[in-house]
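A structural walkthrough
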Amino acid sequence: MTTQPHRRRRRVVPALAATGIVLAGALAGLGPQVSSASSHREAPLIASDPAADNTDLYAFVSPERPGYVNLIANWIPFEEPDGGPNFYPFATDAAYNINVDSDGDAKADAVFRWTFKNVDRRGGSTFLYNNGPVTSLDDKNLLFKQTYTLSSSFNGGPFQTRISDAPVAPSRIGAASMPDYQKLRDQATVQLKGGWKLFAGQADDPFFLDLRVFDLLYGGDLSETGTDTLAGYNVNSLAIQVPFKDVALRGDAKRNPVIGVWTTTDRPKVRVTGQTELGPRGDRVQVSRLGNPLVNEVVVPANLKDAFNSISPDKDAGIPAVVKRVTDPELPKLIESIYGVPAPATPRNDLVEIFLTGITTKAGGPIKADLNSQLNNMDVDAKRFRPSEMLRLNLNVPVTAQPNRLGVLAKDLQGFPNGRRLTDDAVDIAVQAVEGAAQTGKLVDALAAGDKVDANDNTFGDVFPYVALPNQGAVNAGKGTGTAKSGTNASPAAAVGDSGPALSPVSAQASSGTALSTGILVAVIGVGSLVTILATWWLRRRRTAPAFARAEDTIPL
Amino acid sequence: MRSPLRTVAAGSIAAVALLAAGAVFGLRETPPPAPAPVAAQAPADRLAESISRAQARLRELPRDHETWAALGLAYVERARVTADPSLYPKAEGALRRSLKVRAADNPVALVGLGALANARHEFAAARTFATDALRGNPYNADAYGVLADAHTQLGDAPAATAAIQRMLDLRPGLAAYARASYDLEQHGRLTEATGLMRRALDAAVDPADVAFCRNQLGDLAWFAGDLEGAATEYAAGIAADPSYQPLLRGRARVAAASGRIDAAIADAATVATRTPTPDTLMEYAELLRLGGRAPEAERQLKLADAAHKIFVANGGSDDLTGAQLALTRGDAASAVRLARSEWRRRPFADVADVLGRALHAAGRDAEALPYARRAAGLGPRNASYAYHLATVSLAVGDDAGARAALRRVRELNPYFSPTDGPTAARALSALEAQR
Amino acid sequence: MRRLLLVAALAVVGFAALPAGPASAHPMGNFSVNRYAGLTLHPDRIDATVVADIAELPTLQDPPASCAEAVSTLTVTVDGAAVSWAVSNSSLVFAAGAGGLKTSRLECRLSAPAPLDGPAAIAVTNSFRNDRIGWRELVAAGSGVRLDGSSLPTTSLSDELRHYPDDLLTSPPDVRSATLTVAPASAAAPAPSPSASASSSSGGSVGSGVRPLGLTGPLAGAERWLDDLVGGQRLTPLVGLLAVLLALVLGTAHAALPGHGKTVMAAYLAGRQGRPRDALAVGATVTITHTGGVLILGLLLTTVAGVAGEAVLGWLGVASGILVASIGIGTLVSAIRRRRSTRAAAAPQPAPDHGHAHGDGHTHGHSHDRGHGHGHSHGHGHSHDHGHGHSHGPGKWGIAGLGIAGGLVPSPSALIVLLGAMALGRTLFGVLLVIAYGVGMAATLTAAGLLLIRLRDRLEGRLRFVARWQAVAPSATAALIVVVGLGLAGRALSAVA
């Protein structure tokens, strides 16, 4: 009997010592908290750069103006309608470009370039955007506005200015300050000699999707969908409408109907070494690039985004990592592991057709259709064709009277991936395509619902520039609509609920996979322990007496 | 005996289970998220927006390693802007979490850790992080930024320039322009540096970034002796972001140079209150001494000592500041020892200058001379280095050298220091009178 | 011995090898001044607690903080008129910080008269040392008044600047000012009212606005999840099973929290009057009572309009307390009586032997019981009684009373789940969940009881003082039960009043 307490004591001290070590280790592990000896040499590292924030590119034939093609490019996502006081100007030190490749060599044959200037009458003493209602772009109450210069270059020739100091539609700051925004929008829509139409300024973000679809890549699943994450937000939009002859190869859209389009932003190159003359030079450095939508989400992994943003299309085929991601994409494997939808066999040459060459029979790809590759242009030299990532549009495909949001996959050949209209549901099409629907010709039923967001929250217009007016009113406080000009028979707005600026579902329904698994784990452990205890007790009561006789229990009566 | 053991075991399992249930569910409190402020007073701050967006997203999707890394980087950036060191542990936590979710093939988290290391003055570690990040993603401009900062502070100028050039070739923008401007400034090309910093200002969007660029432009004007230009830039920066402390330091410098000591003291006091680091406290002490308030100056120096002691106690190491503090106290021996150990760690211009001054204060002028010359060589447009070279040259008897150095001080920026500027001017006139 | 030495040596080496304490650095940074102001609004006055947690450098740099400074920087206006503070309590404490410097903590309790018996608009601003970075927290709670439109929390995130949460996903609060309106509290609608929210809401938002008492963190999230599950669209069998498991766990955890008569049961069973059987019986009774209580209350709330759920819960709490107290009184009376009779019967024997024999009889009874199984329990008790004049327990009704008392107050979370399920027509599912909840509670209580019995059995005869304690134990524990019962009743009564 005396051994027991002694043994216990011997056990206690090491236990205490061990606890002491553990505690000490825990304290030490809190890590150093260094006070900042801040030197004024600490420069910003991740400064926000709106010029580099390319969001979308659209290319489609004008439904109401035959013979003209529309190219629309957007920048700066998640523009809060109340984002004062500086709002969202275009960058003045960068050039915004829309490039067109008509002969398939992945080099631009036509470049449209916008550069911007600030017209700031605030003098640095105030930050107010306006000091009274703004009824026109020349209103004295508008203290800050921008103008742009558009120049173009064809077939590598020098840039020629098409218009300078053209007005930019300002950020929409509310009904009190801008009672008739449509008027400001009309003033910012210009027509040039030669029939070109131009627009630059803020607009409703025409993209509609539930961004949570891509949470698959981060451990989420497709259970929470149906909310248009971009509803209520605005973007900066550049739109141009030009006749076919200005972009088609040799000016002949009948023989050479296919064009490839992509948008870039660039800044001047700067040298700090290696040259006698240091500083900015004539060449340009590309800071962002966009062709097909969702390439970054579906195809290009995080590590290659930087590479992709900095190279021009003619270099795509030379980066094996990018090509590999197209031929062996990650998304189908994730979908297979979560939903059991079998991933199509690699190499995915159908995706190569869609993203890198255009759908054609001439490149040996599996999709046997001639739709939108420059290889189908009659005057193209096939030997000079280079696969590259860009949005390809066939100008000869007739305009569909009733556009289908699923585009080519629903047999509406005017839709994405043959160019891209504002109403095309890029996410659903991309998800279906990445699951092989383009190759088989059949939609994958399990994913038919897609992200359950099928239309934009605002209706598009049916004349240039087509994009809806910018929203007003804070996103979470109920959106003000910015329906575009004139009645339209486009599908009605499917406003699907509120969404915060965060890329997250409404928290009341939150349940990430980890919380669930933790809960189950603890439930199992807890219940198991309790059951064990009770069972132990119950079983003990059934044992025979002598096994449990303790020395001190048997006391002589 | 088995049965007591079993009993104890059963009892302890029961207790542990109950306690665990209670501890997991009942006792640990995760506080609800703080309520959003009622009205946004400051102009739109993209950095703050991106932080709150990332926080909300990570609450829903904790396995998004990219957003964890981006949040960590954003915390580091915010710590720089607000000079609030309590964000460093948060940044480290977020970046380590990103690496826990995805350990390999996560260059963005490595870049974040590198930026954090730079902020903590652990430049060698930052260099390693940046190099590793580049191995994973050779197109990452941020990694080049971190690498450039580390190389600069470690004294490896050619490597720093190469890194900055790569950054410019990948993503020209505010971050790249600011570093390029600093690089050119280090090489003495002030006009080009100013031009690039103006480009950076054009690209700046957030008020804190505008304030940063204005501050740099003010400093560049200051180094060129242009008091009015400096004053204009600092004022414009304060209009953009009144809470950006370096602007107030600049304004104090200009006020002191223009003879308005009281205004200078007021600004320096604000800075010393908000960010009581040794360098701000030492500046404040110097101005107080100039204003004839010596006891208060002594007190600020004591505070500077305390601040440095805390920094070291927190695991930081900054012998450069230690040496400067020792010099203000008149402790030349410690100053030499500390400056030498920092020089061994990184042969940077500032360190050479302080080592030279320390050796001069210890009376070892012959040893001081090469270091003073080195500093002046590394920073040919820095009037302060030239002045220190002049004092050392005078002490060894090299009048011609001293005269040349003092002339350079006058060309570059006669206002470089409110205490030493007038001394330099007097010494130069005395030397020229001798001839 | 060698092992001990080795471990101790390792410990010493471990301690010595650690770097100098970074843990002493102020969590918000060495130059932070962290401020907290918590207002409690009464109908006739405003009480404020102002705390300032000042890090090393500001403590050294600035003159010591004082309540005068705190008073001058805390501005509270009622309908535009500033209130004037009187300091009722103040303290300034210095603690060791990093680098051999000190941090300081100022705590001031202030009070100001304010006419808040009618609706009023309140504005509060705390500008304590605004030129310093740091945590800025404002908290406002009403006591006897209702707060409308308050964006401020009612409790402190940081426990009044004692523990700064280091959640990676929240930024330190920077709340310098706020406005809110107060209105007199009406009897019908205090803030957390399960019936109001449950009957007026539908679909997946049941319980989303209500925070059942005392549960925080992951448990609250689990409850919300359960609520949403009940109201959700997809109710596959797997999901249903998970929900039942979750309800079980919630019940377990709920019973693990303070309350539910665990103290009472512990005292009871530890007083040598309870057996494992009693613990089980208590558990079973709790389940039945709790489930029944929830069901009845749920029915009541949905069928009879105008019943204020909180008031009912309060009265049930009172009833439970009274029941416990009466059981205690009964046990006390019987214990005292038996003690007197036992002492009279066993007068010649000295007290320790008495206890000793008592223990012997008890174990004898145990082995007897085991040998013959369950059915002999009554005989065992009978013989025990005869042999030593002790009752082996409070009897069936005492046990039942304990169980009833434990289960009398239905848990609000179970109530919400049931009401939500009934509102959606999933009544059976709701009842199933409530039963699972009750089983969970019972399991915890039973396990606690068994543990205590075992502990008691281990201790008996081992420590000398236990024997003496065991002599008085029955009355002592009975007295304790009475006290606890009165306490429960009193607390519930004060909540209802």
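Description of the structure in this document. Bear in mind that the values here come from a model prediction, so they are computed numbers and not experimental data.

What follows covers the overall build of chain A. Within chain A, the regular secondary structure consists of ten helices and twelve strands. Classification of the 557 residues of chain A by burial places 54% in the buried group. If you take every contact in chain A between residues at least 6 apart in sequence, the share linking residues at least 24 apart comes to 65%. As displayed, chain A has an accessible area near 22900 Å², and 58% of this comes from carbon and sulfur atoms.

Within chain B one finds 23 helices and zero strands. Looking at chain B as a whole, 55% of its 435 residues are labelled buried. By sequence separation, contacts in chain B at least 24 residues apart represent 51% of the contacts at least 6 residues apart. Carbon and sulfur atoms form 56% of the exposed surface of chain B, whose accessible area is close to 17200 Å².

Another aspect to go through is the sheet that holds strand β6 (residues 102-113) of chain C. Residues and elements named next belong to chain C. Taken in spatial order, the five strands of this open sheet run β5-β6-β2-β1-β8, and their pairing is mixed. Strands with a single pairing partner mark the edges of an open sheet, and in this sheet they are β5 (86-96) and β8 (136-142). Geometrically, the sheet is characterised by an average inter-axis angle of 10 degrees between neighbouring strands, direction not taken into account. Where β5 meets β6, ten bridges bridge the pair, whose relative direction is antiparallel. Residue S91 lies in a different strand from β6, and its bridge partner there is E107.

Take the pairing of strand β6 (residues 160-167) of chain A next. Residues and elements named next belong to chain A. Bridging between strand β5 (residues 144-154) and β6 involves five bridges; their strand directions are antiparallel. Counted as the bridge partner of T147 is P167 from β6. Counting the residues in the hairpin turn of β5 and β6 gives five residues, including N155, whose phi is positive at 55 degrees.

Its 20 residues give helix α16 (residues 294-313) of chain B an end-to-end C-alpha distance of 29 Å, which sits within 8% of 28 Å, the value for a rise of 1.5 Å per residue. If you check which residues of α16 of chain B are buried, you get A297, Q300, L301, L303, A304, A306, A307, H308, I310 and F311 of chain B. For α16 of chain B, the elements touching its buried residues are α15 (278-290) and α17 (319-329) of chain B together with α2 (56-61) of chain C. Once α16 of chain B finishes, G315 of chain B follows within two positions and takes phi at roughly 100 degrees, a positive value.

This paragraph deals with the nonpolar core. In this structure, F112, W114, Y148, I240 and L395 of chain A are the most contacted members of the largest nonpolar core, which totals 106 residues. Examining the composition of this core, we find that seven residues originate from one element, strand β2 (residues 68-79) of chain A, more than from any other.

As a further point, take the sheet that holds strand β8 (residues 197-204) of chain A. Residues and elements named next belong to chain A. The five strands are arranged β1-β2-β9-β8-β7 in an open sheet whose pairing can be described as antiparallel. Both outer strands of the open sheet, β1 (54-61) and β7 (189-191), are each paired with one neighbouring strand and no more. The mean inter-strand angle of the sheet, taken between neighbouring strand axes irrespective of direction, is 15 degrees.

Moving on: the pairing of strand β9 (residues 234-243) of chain A. Residues and elements named next belong to chain A. Most of β9 is tucked away, with ten of its ten residues classed as buried. Across the two faces of β9 the burial is the same, with N234, N236, L238, I240 and V242 and V235, S237, A239, Q241 and P243 all buried. Pairing of β8 with β9, which is carried by eight bridges, proceeds in the antiparallel orientation. Counted as the bridge partner of D204 is N234 from β9.

This part is about the environment of V399 of chain A. All names here are of chain A. Relative to the elements of secondary structure, V399 occurs in the loop between β12 (391-394) and α8 (426-434). According to the relative accessible area criterion, V399 is partly exposed, its value standing at 36%. C-alpha separation for the pair V399 and L413, spaced 14 residues apart in sequence, amounts to 8.9 Å.

Attention shifts here to the packing of aromatic side chains. Residue and element names in this part refer to chain A. Counted under the stated rule, the structure contains 14 aromatic pairs over all chains. Summarising the aromatic geometry, the rings of F116 and Y148 are spaced 6.0 Å apart at their centres and angled 50 degrees between planes, so their arrangement reads as tilted. With F116 in strand β4 (residues 110-120) and Y148 in strand β5, this pair connects stretches of sequence that are 32 residues apart. By relative accessible area, Y148 is classed as buried at 1%. Each ring, one from F154 and one from W196, has its centre 6.5 Å from the other, and the planes form 75 degrees; the classification is edge-to-face. Of this pair, F154 sits in strand β5 while W196 sits in the loop between β7 and β8, and the two are 42 residues apart along the sequence. Grouped by ring-pair contacts, the aromatic residues W75, F90, Y96, F116 and Y148 constitute a single cluster. Its guanidinium or amino end placed over the ring of F207, R420 lies 4.9 Å from that ring's centre, counting from NZ or CZ.

The next thing to look at is the packing of helix α13 (residues 245-257) of chain B against α15 of chain B. Residues and elements named next belong to chain B. Their axes nearest at 12 Å, the elements α13 and α15 cross at an angle of 20 degrees. As summarised for this structure, α13 and α15 are arranged roughly parallel, according to the angle between their axes. Handedness of the crossing formed by α13 with α15: left-handed. On α15, the residues touching R249, A252 and A256 of α13 are D279, T280, E283 and L287.

Residues and elements named next belong to chain C. With the rule as written, the count across this model stands at one disulfide over all chains. The disulfide that involves C67 links it to C108, with 1.8 Å between the sulfurs. Where C67 bonds to C108 through sulfur, the torsion about that S-S bond is close to -105 degrees, and the disulfide is left-handed. With C67 in helix α3 (residues 67-73) and C108 in strand β6, this residue pair connects regions lying 41 residues apart in the sequence. Residues C67 and C108 agree in their burial class; the two are buried.

Calculation criteria
Residues numbered from 1 in each chain as written. Chains lettered and ligands numbered in written order. Predicted model: local features only at pLDDT ≥ 70, side-chain atom pairs only at ≥ 80, totals over all residues. Heavy atoms only, no water. Helix = DSSP H or I, 4+ residues; strand = E, 2+ residues; numbered from the N terminus. Buried < 20%, exposed > 50% of the residue type's maximum accessible area, 1.4 Å probe, protein only. Contact = heavy atoms within 4.5 Å. Areas by Shrake-Rupley, 256 points an atom, 1.4 Å probe, with all protein chains shown as cover. Pairing = 2+ DSSP bridges. Axes fitted to C-alpha atoms, helices over the stretch in contact; angles between N-to-C directions. Expected span 1.5 Å × (residues − 1). Core = buried A, V, L, I, M, F, W, Y, C linked by side-chain atoms within 4.5 Å. Phe/Tyr/Trp six-rings, centres within 6.5 Å; stacked < 30°, edge-to-face > 60°. Lys NZ or Arg CZ within 6 Å of the ring centre and 35° of its normal. Parallel < 35°, antiparallel > 145°, perpendicular 65-115°, else oblique. Left-handed = near helix turned anticlockwise from the far one by under 90°. Disulfide = S-S within 2.5 Å.

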